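The lines below spell out each chain.
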Amino acid sequence: MKALFLSSLLIGIAFISFAQNDYFQQHVSYKIDVTLDDSLHILDGNMSFEYTNNSPDELSFIYIHLWPNAYDNKQSAMSRQHMENGDFDFYFASDEEMGYIKNLDFKSGGTELKWEFLGDTTDIAKVHLPASLKPGGTIGITTPFKVKIPSGNISRLGHIGQSYQITQWYPKPAVYDNDGWHPMPYLSQGEFYSEFGDFDVSITLPDNYVMFATGDLQNEGERQWLHELAQETTRMFKEFGSNGVRKKGKQIQKETGVKTLRFKQSQVHDFAWFADKRYFVLHDTVKLPHTGKIVDCWAMFTSGEAHLWEKSIEYIKDGLYYYSLWNGDYPYNHCTAVDGTISAGGGMEYPNITVIGRSGNAATLETTIVHEVGHNWFYGILGSNERDHAWMDEGLNTLNENRYLETKYPENGLFDGYVSIPKPIQRSFGLEVFKQKSLHEFSYLLNARRNYDQAIELNSAEYTPTNYGGIVYSKTGIVFDYLKAYLGNKLFDECMQAYYEKWKFKHPQPEDLQRVLEETSGHNLDWFFNDVIKTTKTIDFKIISAKISAWKSIEVKVQNKGEINGPFAIAAMSGDSVLSYQWYDSIPENGTVLLPIPAKPYDRIKIDPYWEIPEINRSNNTLKTKGLLKKVEPVKLQFLASLENPNESRLFYLPYFGWNFNDGFQTGLAFYNSLFPKKRLEFGFAPGYSWKSKTFTGAGFSQYNFKVKHNSLFQNVNVRVDGKRFSAPYGDDVAPYHAINTSLNFEFRRKRLRYSPKNTVSFKFDYTDRNNGAQANKYGEVEYGFNKRDPFYNINLIADVSYGDLYYDASFVRGNIDLTTTLFYGWGRYPIALRAYGSYFFESLALQSPWAAQLSGETGSSDYTFDDWYLSRDISDRLLVNQQFVGNQGGLRVYYPVVSDTYLSTLSLDVRLPIFVDISMFADLGFYPVRVAATGKTATETVGDLGVSLGVFSGLLKVYFPILYSQRIEEYLDLRDIKYGQSIRFELKLDMLNPLKRVDAIQF
């Protein structure tokens, strides 16, 4: 009875435990034998693996990743993603540069297994099992395989000559977990998710290669040779110095045969190896902080950047030590960094080993090595799903990378080591206050201030290229730094070590990380994981006021102007000294709280003095105790530009020099408050003086960007006012004109920022007058815009209805449609643009030519809203008037002054030639009404032109050379005695030089 009771009790406990924790994890044991043919760049291999089903489900098939086939065709998911990111190198790669995996023949126990590719992919196979694999069962599967190694110029798995980076190279079972199977195509943006297991890999290659891999090398003779190479490299550095080693290079040993190297490793989910005949080798060991375990550290590099790699072992050792100190000791026996030419950016991580690209300087090399070594924790040991939760590896790794730099180099600023900017120059531009973490803050703010950021918790493939870095890496790093500051280093480290111990060699999900952090810290972190991680809600705390109470304490009123109810810190300060510092729990959104602070001899109160909270706006964090403008930081004039510093209110200035025909030479100063990142209120003004007209000229703008919530109908809402004052002809004289252009602009929120088109609506109102109000005009417009971007084409549509109220009691109502479709060819570098334009007048009275639709686009004299920049605004046939081209309205490139107050349309074609110089062929057709004298009816006249355009100064100037044009245009030119040189037109992109008009050139 007692035994029966005990057995029943144990079964019950086991059942309850399983019911409470249904986590399971499959296991794969690999045995791989592979041979490298370094003349054909081929891998010939045989693989067997044992797959253990630890799930509660029966499995009738297994998905197998065949990721080298991502390089087999131009329609792969990876190829598409590269093109979406503007990279066409792979799409236009030659057959020789491509790669594949083939010769597959899956068998189990000698029985051939049926298999097929998944859908239209070739890098995922579905292998059917001979019988259902029951829970707890194991099946053995074998297959030969052959891999053609692609070029390292287009691939992470690749070779450059006989330098090999062999990664994601063997058939690999997909993960099966509580969410089912995870078959995923190979992608560059958005990495991997694989099953943990054991590897026994034998690699045969010519014996003059230096190579290393995931796992422990089993060949004692090879280990001894590597140690000898390390001693030789150390001696060379001592004798010749780093530059001497770089110049001396390395004598490649003569090949005498082949060698087979065997590596074994358990509890990893991937296996990579690297080989090069030219490698120098360095070696040392590091003692880990918690267990005292000794780990071998290896560095292998060519002579190209040997002067930088001299200290690479130090970087590996320090990275291993600090990551172990903060998270838990490294569990493997070696950690290796190799120098390789790859298309994966700065570096790429694999278990035990990482490959590093060209660095350029020591700071970049150290940062990259430490980051990639750190991935042994966040990707390697803690094997999260990088495709669905990329932040769990890249973001947590960025947190530790930044902490490493701040710990080892606490005095370093943002640019120290990376860019050679002398300290006096940094101080003069106000850059010395920024630390290395600031890079990640600005990377996040770049799109967050423009409302183009995305949530941290998002599938990797959904991110725009800038957000993949700015959100997955940077924002995650700084928000976890915020959490660390709130909990304190000691408690935060306890949390991360508990997470490591519970989930090492497993597949943690976001909720698992949250659960461990909450249980260890004792804090409810819903605000962090539900709002900070899963949404684009912003953080913004504001000091409203402060008063001294009867007990000589200070009551500070703080408002939460953000959307996240997170904690915040307040300090009482005197100068740069923090006299008191305290963290407080959350305030409801838009709520306020009164906080008591001990009375001390302070001069200001400040939220987050150490810049630890990733606020969208820090300019409202300070309240001074004296002075009139207590909430405004000191105003400082700054030449040219700087980064945003919340401790100062900077007004930038820049001298400018200008010229136009009517005002002549002008000088002035441009003042502006913002360049980067975007501010809520932006303004600029540029007063000047004309030495020809003896009058003041200038321009200015102000734009207010409204706050929009993360779930608003709109992506962006802003109101903008532009104004200018220059001179223009008035009668027989020249008089000043004034123009005010206002707009209210709405951009609708996109469901999928990377893929969805951009839709905008704008309401515009312009007021212009000449000669101090003698001639005033009003102009209104409603405009709809549509923009769709695709790897091979762009579509841009602008449709508007405008109304004009003219100074001579005339008016018009007019509609315009402007559609441009752009196709790309030749690595996506060369556009073919087809434009269709149409204008129709619903109402018109006594129109003069400036207000009519212009077949050849506006000139300086017909720009009735004065919103473009012209060298001259004369109404005569002066050269600069008719030859400057703005490309709006009809846009005929040859000047042909036809106007219409009924309808007008054009078709235009531009083909950029596939040569180094910016030369395009252009052709235009224009359609406009003419009255037939014989019948009194209206007919449509057609004219056209053909020519060549030349772009210089990166598109600042474009010159149009006509070759052919219609007879009517030729008759007009002959009638006016216009020579060929006068028919050449030019286009100036003057906004590129205008410091007052923001150009958001960086794509989100």
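Criteria and cut-off values
Residues numbered from 1 in each chain as written. Predicted model: local features only at pLDDT ≥ 70, side-chain atom pairs only at ≥ 80, totals over all residues. Heavy atoms only, no water. Pairing = 2+ DSSP bridges. Helix = DSSP H or I, 4+ residues; strand = E, 2+ residues; numbered from the N terminus. Axes fitted to C-alpha atoms, helices over the stretch in contact; angles between N-to-C directions. Expected span 1.5 Å × (residues − 1). Buried < 20%, exposed > 50% of the residue type's maximum accessible area, 1.4 Å probe, protein only. Contact = heavy atoms within 4.5 Å. Phe/Tyr/Trp six-rings, centres within 6.5 Å; stacked < 30°, edge-to-face > 60°. Lys NZ or Arg CZ within 6 Å of the ring centre and 35° of its normal. Patch = residues over 30% accessible without salt bridge, like charges linked within 9 Å, V, L, I, M, F, W, Y side chains within 5 Å. Areas by Shrake-Rupley, 256 points an atom, 1.4 Å probe, with all protein chains shown as cover. Salt bridge = Lys/Arg side-chain N within 4 Å of Asp/Glu carboxyl O. Polar contact = N/O pair within 3.5 Å; in protein donor to acceptor, adjacent residues only side chain to side chain. Core = buried A, V, L, I, M, F, W, Y, C linked by side-chain atoms within 4.5 Å. Parallel < 35°, antiparallel > 145°, perpendicular 65-115°, else oblique. Left-handed = near helix turned anticlockwise from the far one by under 90°. Nonpolar A, V, L, I, M, F, W, Y, C, P; charged D, E, K, R; others polar. pLDDT = per-residue confidence, 0-100.

Quick notes on the sheet that holds strand β26 (residues 553–560)
Phase 1 of the analysis: Strand order across the open sheet formed by 3 strands is β25-β26-β29, with antiparallel pairing between neighbours. Of all strands in the sheet, those with a lone pairing partner are β25 (541–548) and β29 (592–598), marking the two edges. When strand polarity is set aside, the average angle formed by the axes of neighbouring strands in this sheet is 25 degrees.
Phase 2 of the analysis: Pairing geometry for β25 and β26, over 7 bridges, is antiparallel. Residue Ala546 lies in a different strand from β26, and its bridge partner there is Val556.

Some thoughts on helix α12 (residues 510–521)
Phase 1 of the analysis: With 12 residues, α12 should cover 16 Å at 1.5 Å per step; its first-to-last C-alpha distance of 16 Å lies within 8% of that length.
Phase 2 of the analysis: Buried within α12 we find Pro510, Asp512, Leu513, Gln514, Val516, Leu517 and Ser521.
Phase 3 of the analysis: As for α12, its buried residues are in contact with α7 (394–408), α10 (465–487), α11 (489–503) and α13 (526–532).
Phase 4 of the analysis: One or two positions beyond α12, positive phi appears at Gly522, with a value near 80 degrees.

Thoughts on the pairing of strand β8 (residues 124–133)
Phase 1 of the analysis: Sheet topology places strand β3 (residues 59–65) next to β8; 6 bridges connect them, and they run antiparallel. Its bridge partner lying in β8, Leu59 is registered against Leu133.
Phase 2 of the analysis: Judged from the 3 bridges that link them, strand β7 (residues 115–117) and β8 form a sheet pairing that is antiparallel. Along β8, the bridge assignment pairs Trp115 with Val127.
Phase 3 of the analysis: Here β7 folds back onto β8, and the loop between the two strands holds 6 residues, one of which, Gly119, carries a positive phi near 60 degrees.

Examining the packing of aromatic side chains
Between two aromatic rings, the relevant description is the distance of the centres plus the angle of the planes.
Phase 1 of the analysis: Inspection of the entire model under this criterion finds 79 aromatic pairs.
Phase 2 of the analysis: Through pairs of rings, three or more aromatic residues link up here, namely Tyr30, Phe49, Phe145, Trp169, Tyr170, Phe199, Phe212, Phe263, Phe271, Trp273 and Trp298.
Phase 3 of the analysis: For the cation-ring pair, Lys126 lies above Phe61, with the distance from its terminal atom to the ring centre recorded as 4.3 Å.

Things to note about a nonpolar patch on the surface
Phase 1 of the analysis: Together, Leu681, Tyr704, Phe706, Val719, Leu744, Phe763 and Val782 give the surface a local cluster of nonpolar side chains, amounting to about 530 Å² of exposed area.
Phase 2 of the analysis: For Leu744, the position within the fold is in strand β38 (residues 733–748).
Phase 3 of the analysis: Given the relative accessible area of 30%, Leu744 is considered partly exposed.

Details of the environment of Ile294
Phase 1 of the analysis: Secondary-structure assignment places Ile294 in strand β21 (residues 294–301).
Phase 2 of the analysis: Remark: the alpha-carbon pair of Ile294 and His334, spanning 40 residues in sequence, is separated by 8.9 Å.
Phase 3 of the analysis: Those residues within four positions of Ile294 in sequence are excluded, and the remaining contacts are Thr285, Val286 and Lys287.

Overview of the pattern of salt bridges
Phase 1 of the analysis: Following the criterion strictly, the structure yields 50 salt bridges and no others.
Phase 2 of the analysis: Its salt-bridge partner being Asp608, residue Arg618 comes within 3.7 Å of it at the nearest N-O pair. One end of the pair, Arg618, is in the loop between β30 (604–607) and β31 (622–624); the other, Asp608, is in the loop between β30 and β31, and 10 residues separate them in sequence. The two residues Arg618 and Asp608 agree in class, both being buried.
Phase 3 of the analysis: The network of salt bridges with shared partners includes Lys437, Glu441, Asp481, Lys484, Asp608 and Arg618.

Concerning the pairing of strand β49 (residues 957–965)
Phase 1 of the analysis: Strand direction decides the pairing type here: strand β48 (residues 938–952) and β49, joined by 8 bridges, are antiparallel. By the bridge assignment for β49, Leu946 is matched with Leu964.
Phase 2 of the analysis: Between the end of β48 and the start of β49, which pair antiparallel, lie 4 residues, with Phe953 showing a positive phi angle near 55 degrees.
Phase 3 of the analysis: In this structure, β49 lies alongside strand β50 (residues 985–988), joined through 4 bridges in antiparallel fashion.

A look at the environment of Gly86
Phase 1 of the analysis: Mapped onto the secondary structure, Gly86 falls in the loop between α2 (77–84) and β4 (100–102).
Phase 2 of the analysis: For Gly86 and Asn816, which are 730 residues apart along the polypeptide, the C-alpha to C-alpha distance reads 31 Å.

Description of the sheet that holds β30
Phase 1 of the analysis: Spatially, β28-β27-β30-β31 is the arrangement adopted by the 4 strands of the open sheet, whose pairing is antiparallel. The open sheet has two edge strands, β28 (577–584) and β31, and neither has a second partner. Direction aside, the axes of adjacent strands within the sheet are offset by 15 degrees on average.
Phase 2 of the analysis: Note: strand β27 (residues 568–574) against β28, 7 bridges, orientation antiparallel. Opposite Ala569, over in β28, you have Trp583 as the bridge partner.

Observations regarding the side chain of Thr476
Phase 1 of the analysis: Secondary-structure assignment places Thr476 in helix α10.
Phase 2 of the analysis: Reaching out from Thr476, the side chain makes a polar contact with the backbone oxygen of Val472 at a distance of 3.0 Å.
Phase 3 of the analysis: The contact partners of Thr476, leaving out residues within four places of it in the chain, are Trp391, Gly395, Leu396, Ile456 and Ile471.

Details of the nonpolar core
Phase 1 of the analysis: If you look at the biggest cluster of nonpolar residues, it comprises 185 residues, and the most contacted ones within it are Trp169, Trp273 and Phe480.
Phase 2 of the analysis: By residue number, the principal contributor to this core is α10, which donates 11 residues.
Phase 3 of the analysis: Ranked by size, the runner-up nonpolar core spans 21 residues in total, among them Tyr779, Phe841, Leu904 and Leu973.

Focus: helix α6 (residues 362–374)
Phase 1 of the analysis: Across its 13 residues, α6 extends 18 Å between first and last C-alpha, which sits within 8% of the 18 Å expected from 1.5 Å per residue.
Phase 2 of the analysis: Inspection of α6 places Ala363, Leu365, Glu366, Thr367, Thr368, Ile369, Val370, His371, Glu372, Val373 and Gly374 among the buried residues, and these make up the whole buried set.
Phase 3 of the analysis: The backbone nitrogen of Ala363 lies 3.3 Å from a side-chain oxygen of the residue at the head of α6, namely Asn361.

Side note on the packing of α7 against α11
Axes are the key here: two packed helices are described by the angle between their axes and the distance separating the axes.
Phase 1 of the analysis: At their nearest, the axes of α7 and α11 sit 14 Å apart, and the two run at 140 degrees to each other. On the basis of the axis angle, α7 is oblique to α11. Here α7 and α11 pass one another in a crossing that is left-handed. Residue-level inspection shows Leu396, Leu399 and Arg403 of α7 in contact with α11, the latter providing Asn489, Phe492, Asp493 and Met496.
Phase 2 of the analysis: Class assignment of the residues belonging to the contact of α7 with α11 gives a composition of 4 nonpolar, 1 polar and 2 charged.

A look at the confidence of the model for the protein
Phase 1 of the analysis: Per-residue confidence for the protein averages 91 on the pLDDT scale, and 94% of its residues sit at or above 70.
Phase 2 of the analysis: In this model residues 1–20 is a low-confidence stretch, pLDDT under 50, and it forms 1 contact with partners more than four residues away in sequence or in other chains.
Phase 3 of the analysis: Overall, residues 995–1002 carries pLDDT values under 50, and its contacts beyond four positions in sequence, including any with other chains, amount to 24 contacts.

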